[in-house]
Amino acid sequence: MKLTRWATVAGLILLPGCTAQNSDTRRVAASDSARPDLYQCEGCEGALEANPASLTASAQLALPDEPGERMQIQGVVFATDGQTPAPNVIVYAYQTNAQGLYANGTPETEASRRHGRLRGWVRTGQDGRYSFDTIKPAPYSNEQIPAHVHFTVLEPGRRSYWIDDIVFSGEFGVSDAYRRSMTNKGGDGVVTLTRAADGTWLARRDIFLERHPA
């Protein structure tokens, strides 16, 4: 999914002089002007499919019997100042299963067909926090890009936009070249997994909201 985005990443890897950014750098960048491709977003219509009133700050992407290693994604959504928690922001996430497939989608919409069954929505509370219970995704079967979780953000009264996918530090495809290619849209998407006491993988992904065009 989102082939345009990955094609862009692949092209950037070949460019000299790209430097890695971390979350602190991203906090400064958030105060700059809007990025020109903010709304060039394949699949972002999926963020609009949930009723905001029905959402909470946590959601289950994968049922307990879904094959794969259990994983929890959690973080805080911050305003453009990089410090103030942002309430009532919808975060839409979708991912591959343990075989690297967007499987068993439903026919209602394009997003429900293409994004498979492992997808869901949260809406941040006053503290800006969110979490998804899911499984650890596998890379696509062609093994051309890292395993990842797609994220789309929908702020109140705004258009939806995508941010950098979650990928996993130290795993397939997350090389130094990959890191240098990233522009940290919405903050750093490269996460370091840790283990909870019950064996669940824990992934921390804070989100920094983008500037919008005037």
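The shown structure was predicted, so the numbers you read here are calculated from the model rather than taken from an experiment. (Residues numbered from 1 in each chain as written. Predicted model: local features only at pLDDT ≥ 70, side-chain atom pairs only at ≥ 80, totals over all residues. Heavy atoms only, no water.)

1. Some thoughts on the overall build of the chain
- Helix and strand counts for the chain stand at four helices and eleven strands.
- Every one of the 214 residues in the chain was classed for burial, and the buried ones make up 47%.
- Within the chain, contacts between residues separated by at least 24 positions form 72% of all contacts whose residues are at least 6 apart in sequence.
- Carbon and sulfur atoms make up 52% of the accessible area of the chain, which totals about 10100 Å². (Helix = DSSP H or I, 4+ residues; strand = E, 2+ residues; numbered from the N terminus. Buried < 20%, exposed > 50% of the residue type's maximum accessible area, 1.4 Å probe, protein only. Contact = heavy atoms within 4.5 Å. Areas by Shrake-Rupley, 256 points an atom, 1.4 Å probe, with all protein chains shown as cover.)

2. Details of the packing of aromatic side chains
- As enumerated under the stated definition, the model contains eight aromatic pairs in all.
- A ring pair is formed by Tyr 92 and Trp 121, whose centres lie 5.2 Å apart and whose planes are at 20°; its orientation type is stacked. Of the two residues, Tyr 92 sits in strand 3 (residues 90–95) while Trp 121 sits in strand 4 (residues 119–123), which places them 29 residues apart along the sequence. Taken individually, Tyr 92 and Trp 121 each receive the classification buried, so the pair is uniform in this respect.
- Both rings, one in Tyr 94 and one in Tyr 102, keep their centres 5.9 Å apart while their planes meet at 55°; by these two values the pair is tilted. The pair Tyr 94 / Tyr 102 is uniform in exposure class, with both members buried.
- The rings of Tyr 92, Tyr 94, Tyr 102, Trp 121 and Tyr 140 are connected pair by pair, giving a single aromatic cluster.
- When the ring centre of Trp 162 is taken as reference, the NZ or CZ atom of Arg 35 above it lies at 5.1 Å.
- A cation over an aromatic ring shows up here: Arg 195 above the ring of Trp 201, its NZ or CZ 3.6 Å from the ring centre. (Phe/Tyr/Trp six-rings, centres within 6.5 Å; stacked < 30°, edge-to-face > 60°. Lys NZ or Arg CZ within 6 Å of the ring centre and 35° of its normal.)

3. Things to note about the sheet that holds strand 8 (residues 190–191)
- Taken in spatial order, the five strands of this open sheet run 4-3-6-7-8, and their pairing is mixed. Two strands close off the open sheet at either side, each with one partner strand: strand 4 and strand 8.
- Here strand 3 runs beside strand 4; their pairing, made up of five bridges, is antiparallel. Within the sheet, the bridge partner assigned to Ala 93 lies in strand 4 and is Gly 120. (Pairing = 2+ DSSP bridges.)

4. Here's the deal with the pairing of strand 5 (residues 129–135)
- Burial analysis of strand 5 places five of its seven residues in the buried class, which makes it a mostly covered element.
- Two strands pair when backbone bridges link them, and strand 1 (residues 58–60) and strand 5 are joined in this way by three bridges, in the parallel orientation. In the sheet register, Ala 59 faces strand 5, and the bridge partner there is Phe 132.

5. Description of the side chain of Thr 96
- By the element assignment, Thr 96 lies in the loop between strand 3 and helix 3 (110–114).
- Side-chain polar atoms of Thr 96 contact the backbone oxygen of Ala 138, separated by 2.8 Å.
- Not counting chain neighbours up to four residues away, the residues in contact with Thr 96 comprise Leu 101, Tyr 102, Leu 118, Pro 137, Ala 138 and Tyr 140. (Polar contact = N/O pair within 3.5 Å; in protein donor to acceptor, adjacent residues only side chain to side chain.)

6. What to know about the nonpolar core
- Ile 73, Val 77, Tyr 130, Phe 132, Phe 151 and Ile 207 are the most contacted members of the largest nonpolar core, which has 27 residues in total.
- Among the elements of the structure, strand 2 (70–78), strand 3, strand 5, strand 6 (149–154), strand 7 (161–168) and strand 10 (201–204) are those that each provide at least two residues to this core.
- Ranked by residue count, the leading element in this core is strand 7, at four residues.
- Other than its neighbours up to four places away in sequence, Tyr 130 contacts Ala 57, Ile 73, Gln 74, Gly 75, Val 76, Val 77, Val 122, Thr 124, Phe 151, Arg 205 and Ile 207. (Core = buried A, V, L, I, M, F, W, Y, C linked by side-chain atoms within 4.5 Å.)

7. Description of the pattern of salt bridges
- One pass over the structure, following the stated rule, counts nine salt bridges.
- One salt bridge connects Arg 117 with Glu 66, and the closest N-O pair in it is separated by 2.8 Å. With a gap of 51 residues between them, Arg 117 in the loop between helix 3 and strand 4 and Glu 66 in the loop between strand 1 and strand 2 connect regions that are remote in the sequence.
- Among the salt bridges present, the one from Asp 206 reaches Arg 204, with a minimum N-O distance of 2.9 Å.
- Among the charged side chains, a network of salt bridges with common partners joins Arg 35, Asp 37 and Glu 210. (Salt bridge = Lys/Arg side-chain N within 4 Å of Asp/Glu carboxyl O.)

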